[in-house]
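Here's the letter readout for the chains.
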Amino acid sequence: MEFPFSNTDQNLRQHHDLTIDSTDQIESGAKMYADWASLHDEIQCDRGNQSVLHKFPAAVGREVACSVVKCIAHNLSSAATNDEPSSLEDERDVKWTMEVLCFGLGLPLTEHETINDCVKVYVEWLMSLTQPKPCVPKPVVKDPNPFAQVILHHLLNLFKPRPDCGVDLVKRQALLCHRVLRAIEAVAKESSILTRDTWETLLKFLLAANDSLLSPPTEKDDSGLSSYDISDHLCERVLSVLFGIWLTSCNKCFPSPSLWKTFRNMCIYWRHHEALVVQWHKVNHVLTAHMIRTMYGPNYPQLVILEDDAQMVPAEMNSESITQAWFRFLHIVQNPVDLSCPAVVSNTPRFLQHALTNEALLDPSQHECLLKLPTIFFKAMRGVSIMVNAFLGLPQDLKDNLMSSAAPSTRAAVATPSTPPGQRKSAKPMSVLTSSLTSKVSSRSSQALKVAAPAQVNLPVGKISLETRLPFAPTRPQCNSILHLFGAWLFDAALAGVKLHPSHAAPVSKERRTSSFIESKQQSLSMDLHAYHPLGSDNTYERGRAEACGALCRIFCAHKTKEEILPVYYSRFYLIMYYGLQTEEPEISGEVLTSILFNSCDLLRTDLAGVQILTPYILKALELVLSRTSAEFKMSEQISYIELRKACVHLLLSILCLPLHFKDLEIQDILSTTNVVTKEQPRTFLSLKNRIIDLLRIALTNETDPTNTQMLLGGLMLVVQDLATCEETESMTVQPGQDTSDSDVNPEPRASTSSGDSGPHDNVPTSRQSVPPRDLDTAHGLFGHATSLVCNRLMASWKTDLNTALAAMELLAGLAKVTVTPPNILMCKRTVKWICDFIVFQCSRPAPNHSRDLHTLIVAAFKCVQLWLVDHSSLLYDKECLHYVLEVVELGISGTKSQIQNSMYMVGSILQLRENRASDPPRYKGTKDLMPASMRVKDAAEAVLTCIIDQVGAFPPPCGPESLFSLLDERSLLKYAKGSSLPEQGSPFRYFVIDNSIIVGLLEQPLGNVEDPLPTVTALIRGAFGRHAWTMQLRHSPRTSKISSRAHLADPGRPMPVEDAGTHHNVNHRYFPECVDKINKTNADNSIPPLESLTNEKEKEELDKMKVFIESAASFEDDVSLKASMARQTKPYPDPQTECKPPEICHEYQTARLFLSHYGFLSLESLKEPSNRVCSVPPALVMLDSTNTALFSDLESLDFIPSRDNDTLHVFYVKQNQKTAHDILSNVTSYNCVQPQFLEFLHSLGWPVDVRRHAGWTGHVSSSWKISEPDECEEEDYMTGTGGSLYDGKQQALYWADVSSELAIVVPSPETYRLRTTSSSTLESGHSTLNTSSSTGSSPHSSGLPSSGINISASSPNASPQAPHPSPRLSSSLPYGSSTAGDANLLKPKSLPLDGERLSRMERESPGSPPESGGSNSSTGRPRRLGRQPAAMMGPDTKILVVWLERFQDKDSFPTADLLSVTSTGQETAGTAISSSVPKAAEKDVYIIFIHALQNGLFRVHIHEYEKTQTKMTVAIPLVDGMVVSRRTLGTLVRQTAINICRRRRLESEAYQPPHVRRKLKIQDIVNKYKCSFSAAEFYTALFQDVPR
């Protein structure tokens, strides 16, 4: 097909990008029809509808017509019925008959029968163009085109309005017109023999019919009917036929330029009809949908059209015809902004004629039909807005909203704001295409456009939500291209009715405002705006203006990275924003302000040149919205106040960092001119700081929506962190004022009165002002106000909302790590008390309210308390604070407090309630039942209690934050023990279990060269919270620096004898005194006779012999005594044989028995099993069978269960337009390929660690929680000059830890990708080998270091050291080494199941380690220790990816699925290793944090949930989607957000158990497997037996 002219915009059809040059577009539009004449006058002066009967008197013509037409109609009916030929066989007969029919069509409506017969005849004759019937005259059938042209001229008489007719007659006329229009439609679509002359005649007829009906102004009389009521009945129908047939003509016979120009010019006279705009946009949208599909392909978001409307474009119409028709139809009504000017719309001959004939109407612009112009203008701009959305790639569905125009709730639908249809919620936005007049026609013609929207957001019908906003299409055209097409209209419409400031008003020509599309573009700022009226602007057309402003905001928010926009567009847009953001009466326009705020969420997140100039005006608008709980201005009925506040919160999050980032940079005034010298103080960004902080505080106080509240909490954390870090960086010395009061912050909204940010155009009324707290400008004061506000709101409003309360806890946990100078100790104490009160409140709620969500809140609160106590250890020196904490801990463990809850006392005659005090008598544990709220709560409280005892004031430990465990284990200790032997010969350790929860391994040999022979025992204590090593000695004397223990036990000697010590006396010792001999004997003395008197002769002989023996023995003894006495005199003194000496010191002890006895563990009662046990509970003291070597494998598995949660952060760098995994991973190999900010960001996440010498989590189980021996660590030079690939986990990784969690930051490299893909294939090929492999491989390393610790210093959570954190290098802290061949098999697991071994081997590959098979290192031959047992980890598989984008739009093409293979941590199959026989779907979540560096030095954050399990919890804070953060806080906030996301998922997961619970269960399992079932006697016997050496 050849087109009549080809000077259209050829650039429009450029492939893929709609880059239309501004100058070419202006010239092509202005000169499109410049060389062609309009046919308007020809159509109006056409006499083709005049009959010869018009020359006769009316009565004569009526009589002739009635008679002839009746006969012709009768014959036609008869011939059609009997299939007979027509009696009109001659061409002259036909022409004469047509003259009569022409006159008959113009008869008054009272002759309805005659008119009906005329229509009947002509319709039958017209159908000869498609399927001729025998009843049609032969001349017409033979050559129908000339006759059809004449018929079309004649039918024009039917469409002429008949004044002063009744309603019934007008309806009959309308029915006849409908019949003619249907026939014409059928002919145009079905006929294939129409000539170009016939097509032109047909189009002229339609133009004339529309002009006849639509040109005159509609006027109502007293009865409510129009004088030209036929136009109301046929308006939409006749326009739809005109546009539809015109489109058909574009396919079959493209209209000539003259016709296009005529169509364009005649539309000017119909613009007061709403149906014109409706039909115009129907065609525009249909053609736009085809254009987009042609230009951008089927994958581009489509504009879905109503099925009936989609049929307007013929299926066979080619893309060239569609392109030509689209551009012409787009400009067919010329400038739609003229609809906001009644004087322009009414400047037509028909309006002027009506004004001259109507004395009551002085000015045509005051006609009552023009009162609908605001609605028409709104619908016109709404249609333009939909086309803008279509080009931006916002998916829109316009076919589901079949809203009847007669619906009584049209107002709610008409008030549709300027919002992308893809964001609608059951809205009816295209009521803009309906009219109040369409109730008089069929509902089919009143079908409106509707936008499909998800139904899951519970919003009232007709409301829209930000939650369903869809992103712009990645391949969308540039902003300049869209502005070239629609910019002039939108810029004009956005200032409709606005009175410009004199500095903005342009000179106005005295000529009438042009209706040309292009000229309006050149004069878009001169519409009645030459004079400044301080009384305000006309808001009559604010709905259409709001639609245009919203479309412009969306266009500029669609700005791509490094995309250029013409400066003239920037200036016009900023000027429009200035007037649209006015918040004072009478300049304020509520709907415009609502539309701008709602559609500008991304305005300050993109690199728009000079957009910061709008910051003060945006801030004023935000103050108006966020400082109130209800709107004080007129809002769009489809935007709820909550959704508007949400949009305002997004804007607020975009400006939080501006004051401290730009500081004293001056903000240019939009109203300032170069010719005027102002004396006002320049406004700087720093002057806005107090207003922004105060607005954030007030918004958080007033907010009731949970989502908005969580975003504000994230913003509050950003502000506090940014201010504290800024002060710390600048070493500011701050002297805080008086501390924050204990009362709640003032909830009344108060605006700011900061100096330096006010001006004559920036004055805020007193009712909207407030005085900010006096010390919010310092980190110390802001910290106090933030904690006070959050804690008060938490207890007052948020304590029952799960997500809000969790966000508050995350904020408080983040604030605990903020360093403020000087520390705000009082506020820290109050914060801990508030959190404790929160726990008490939740625990005391009625039983029906207790649920998993409630217990989740309590667990999160305990975790928060733990962090506060560790980071502010001085709190426990406060007796009252310690009492609060311990009281709440016991409440969590036992379910009640030991302190008496409350007591009553009398004051006079009044009974008063007294709160409990620390001095009140406690209620002992034995007197109350242990009924905690839940086991989760009990476990969390136990963790806090253990942290208080073990970590508060002692974190990080001496071995660094990477390990809360002692780095000593059995292997390390045995290297320094005397006479130790290998486990195969018997373990030197005795293992006991205390209270079924603590495993104590006792080594009775002294360590090293210990000189003191004291009882020494080394204990390895493994409990739920870690492993600790103690060495104890039994001392009976104090330690001294010079005297050893031997000095107290050695023989001190005795003094030598002295011979001359005094006078020696020879004394004869007697048994009785001498006076006894003088006493006379009595008879009693003789009562015992002498022996001789009792013996006979024989006995006497024997008695004599006995005396001889006695005398002999006495003599012998005397001789011996004499000799001995003489010998003693010759021997030295003292005699060594007779001298008493002290015992020798004992060198052999049963120290295990001594230890158990001295600590009270060893007793008969402790060896008895509980008698009232419900289940099998072992005694309080149990001995383990150390001869079973499998025990050591289980102990190693226990050591590999950490005491903290561990998470991994994988960081990627994406250059512009990169879409493949290999290209993305290759970026980090060289620092020349990455931005310098990226490397700085990496080091702000954590500090570097060597994975071989690191005792904590490294990002993969194969290299975590162990330290390699020096001979295992091959010295390798670290890579230099990398862009982050050094931290891929092979040599180094980045690490951060606190007391409750540890985080490994891994930057995958191409080597990682290669090894991971290789290892996956190796696993498949070696599957059978793994199944049959021996279980005698080396076991997991027993230095089982759990998770690691905190940041470098407890008081500086933001520390990001540039040097690796020093690893423990103590010789005694080395884990199991492989110094000898025998040591390598010291603790090999001989009873490890094959399945467990296979799983361990499958998961032990680290991201940077080469694939291995078997249990030995291929390069050295040394056995390789298995990683952590899979069964030791439970919970959801949550992956956090951080993606650095050079171009923000590349987030849409990030290959997440391809890169997940390099994010393996070895924990993915943890759940399957311990799952039961019933399979359960794995909990897998993938969160992506996109970071884009803006040109102003700030960073835009986008959080995307790639793969997420259904959950009630929202994404954690402090980072919020769309937030703009500063350089100094980026790393800290990303790290906190990643940890909080993982923590939330663990809180919600039913498969998760805290680390200390998993350790406790593992200990119980070990006890059940290896306990020795001894009686008391057997236990003591075994205790006294020596351990094999």
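Look above for the structure.
To keep things clear, this report deals only with the structure shown in the data block.

Conventions used here
- Residues numbered from 1 in each chain as written.
- Predicted model: local features only at pLDDT ≥ 70, side-chain atom pairs only at ≥ 80, totals over all residues.
- Heavy atoms only, no water.
- Helix = DSSP H or I, 4+ residues; strand = E, 2+ residues; numbered from the N terminus.
- Expected span 1.5 Å × (residues − 1).
- Bend = angle between axes of the 7 residues up to and from the residue.
- Buried < 20%, exposed > 50% of the residue type's maximum accessible area, 1.4 Å probe, protein only.
- Contact = heavy atoms within 4.5 Å.
- Core = buried A, V, L, I, M, F, W, Y, C linked by side-chain atoms within 4.5 Å.
- Salt bridge = Lys/Arg side-chain N within 4 Å of Asp/Glu carboxyl O.
- Axes fitted to C-alpha atoms, helices over the stretch in contact; angles between N-to-C directions.
- Parallel < 35°, antiparallel > 145°, perpendicular 65-115°, else oblique.
- Nonpolar A, V, L, I, M, F, W, Y, C, P; charged D, E, K, R; others polar.
- Patch = residues over 30% accessible without salt bridge, like charges linked within 9 Å, V, L, I, M, F, W, Y side chains within 5 Å.
- Areas by Shrake-Rupley, 256 points an atom, 1.4 Å probe, with all protein chains shown as cover.
- Lys, Arg positive; Asp, Glu negative; His and termini not counted.
- Charge placed at Lys NZ, Arg CZ, Asp CG, Glu CD.

## So, helix α19 (residues 479-494)
- Relative to the 22 Å expected for 16 residues at 1.5 Å per residue, α19 spans just 17 Å between its end C-alpha atoms, considerably shorter than the ideal helical length.
- When the local axis directions of α19 are compared, the greatest deviation, roughly 70°, occurs at phenylalanine 486.
- For α19, the tally of buried residues reaches 16 of 16 residues, placing the bulk of the element in the interior.

## Notes on helix α37 (residues 1151-1158)
- Those residues of α37 not exposed but buried are Thr1151, Ala1152, Leu1154, Phe1155 and Leu1156.
- The inward-facing, buried residues of α37 abut β5 (989-994), β6 (998-1003), β7 (1016-1023), β8 (1026-1033), β9 (1181-1183) and α49 (1576-1584).
- Two residues or fewer past α37, glycine 1160 is found with a positive phi of approximately 80°.

## Here we look at the nonpolar core
- With 343 residues, the main nonpolar core has Trp125, Phe329 and Phe486 as its most contacted residues.
- With 13 residues, helix α32 (residues 852-871) is the single largest residue contributor to this core.
- Those residues in contact with tryptophan 125 that lie beyond four places of it in its chain are Leu88, Val94, Thr97, Met98, Leu101, Val136, Pro137, Val140 and Ile151.

## What to know about the pattern of salt bridges
- Overall, the coordinates contain 47 salt bridges when judged by the stated rule.
- One salt bridge connects arginine 237 with glutamate 185, and the closest N-O pair in it is separated by 2.8 Å. Of this pair, arginine 237 sits in helix α10 (residues 229-252) while glutamate 185 is found in helix α8 (residues 167-190), placing the two residues 52 residues apart along the sequence.
- According to the relative accessible area criterion, arginine 237 is buried, its value standing at 18%.
- Among the salt bridges present, the one from arginine 645 reaches glutamate 703, with a minimum N-O distance of 2.8 Å. Note that arginine 645 is positioned in helix α25 (residues 641-655) and glutamate 703 in the loop between α27 (689-702) and α28 (706-729), a separation of 58 residues in sequence.
- Exposure remark for glutamate 703: the relative accessible area of 2% places this residue in the buried category.
- Through salt bridges that share partners, Glu970, Arg1022, Arg1027 and Asp1199 make up one connected network.

## What about the packing of helix α30 (residues 802-816) against α32?
- Between α30 and α32, whose axes approach to 9 Å, the crossing angle comes to 10°. Taken together, the axis directions place α30 and α32 in an arrangement best described as roughly parallel. Contacts between α30 and α32 involve Leu802, Ala805, Leu806, Met809, Leu812, Ala813, Leu815 and Ala816 from the former and Asp853, Thr856, Leu857, Ala860, Ala861, Cys864, Leu867, Trp868 and Asp871 from the latter.
- A breakdown of the residues in the contact of α30 with α32 according to their chemical character gives 14 nonpolar, one polar and two charged.

## Some thoughts on unusual backbone geometry
- Note that the residue after threonine 821, namely proline 822, is joined by a cis bond; omega there is -5°.
- Tracing the chain through its elements places proline 822 in the loop between α30 and α31 (825-843).
- The residue glutamine 334 is not glycine, and still its phi comes out positive at about 60°.
- Along the chain, glutamine 334 falls in the loop between α14 (319-330) and α15 (342-345).
- Phi at lysine 663 takes a positive value of approximately 55°, unusual for a residue other than glycine.
- Residue classification places lysine 663 among the partly exposed positions, given a relative accessible area of 28%.

## Points about a negative patch on the surface
- On the surface, a cluster of negative charge is made up of Glu1097, Glu1099, Glu1101, Glu1102 and Asp1104.
- Tracing the backbone through its elements, the reader meets glutamate 1097 in helix α36 (residues 1097-1130).

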